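An overview of the molecular structure
In case you want the letters, here they are:
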Amino acid sequence: MEMWIIIAIIAAFFIWRMKPTKGVQSISTAQLKNMLNDKDKIFIDVRTPAEFKGRHISQFKNMPLGSSFDKLPKDKEVVVICQSGMRSSQACKQLKKQGFERITNVRGGMSAY
């Protein structure tokens, strides 16, 4: 019985962590391909520099998770990508806390691209 409680708590924790942030739009990689040339958007990749160097989308700027987003313009939409969508989701939460209003997370990240 105790084991089931522990499993339920762990499952609830992961579901809570993966829950999308309120006010953050989520798009597919197919939708991303249609907006890559939009000059009114800022594209950031929150993977490590090594991951970024290995493979990246040219419109994206590398800003590893934990970087300061203070220099990004708040008047533009920020599109965030990582490897799988987990780190970009965390970055979206960080951006939301810093007052950014138009934030988009790429579901599935580079793995789906």
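Only a predicted model underlies this, so the values are computations on that prediction, with no experimental measurement involved. (Residues numbered from 1 in each chain as written. Predicted model: local features only at pLDDT ≥ 70, side-chain atom pairs only at ≥ 80, totals over all residues. Heavy atoms only, no water.)

The next subject is the UniProt feature "domain: Rhodanese" (unreviewed entry) in the protein. Here the UniProt-annotated "domain: Rhodanese" (unreviewed entry) positions come out as residues 37-113. Taken end to end, residues 37-113 is 29% helix and 21% strand, and its two terminal C-alpha atoms sit 16 Å from one another. (UniProt positions renumbered as here; feature names shortened; annotations may be inferred. Helix = DSSP H or I, 4+ residues; strand = E, 2+ residues; numbered from the N terminus.)

Before going further, it helps to spend a moment on the sheet that holds strand β5 (residues 103-106). Read from one edge of the open sheet, five strands run β1-β5-β4-β2-β3, paired in parallel fashion. Taken across any chain shown, the strands that pair with only one partner, and hence form the sheet edges, are β1 (24-27) and β3 (61-62). Lying on the sheet, helix α4 (residues 86-97) is in contact with β1, β2 (41-45), β4 (77-81) and β5; it crosses β5 at an angle near 175°. (Pairing = 2+ DSSP bridges. Contact = heavy atoms within 4.5 Å. Axes fitted to C-alpha atoms, helices over the stretch in contact; angles between N-to-C directions.)

Here we take up the pattern of salt bridges. Under the defined criterion, the tally for this structure stands at four salt bridges. Taking the shortest distance from any N to any O, the salt bridge between Glu 77 and Lys 41 comes out at 3.1 Å. Of this pair, Glu 77 sits in strand β4 while Lys 41 sits in strand β2; the two residues are 36 residues apart in sequence, bridging distant segments of the chain. The partner of Arg 87 in a salt bridge is Glu 51, with the nearest N and O atoms 2.8 Å apart. Highlighted residues: Arg 87 in helix α4 and Glu 51 in helix α3 (residues 49-54), separated in sequence by 36 residues. Here Arg 87 falls in the partly exposed class, since its relative accessible area comes to 25%. Glu 51 gets classed as partly exposed once you look at its relative accessible area, which sits at 25%. One salt-bridge network, held together by shared partners, links Asp 38, Lys 41 and Glu 77. (Salt bridge = Lys/Arg side-chain N within 4 Å of Asp/Glu carboxyl O. Buried < 20%, exposed > 50% of the residue type's maximum accessible area, 1.4 Å probe, protein only.)

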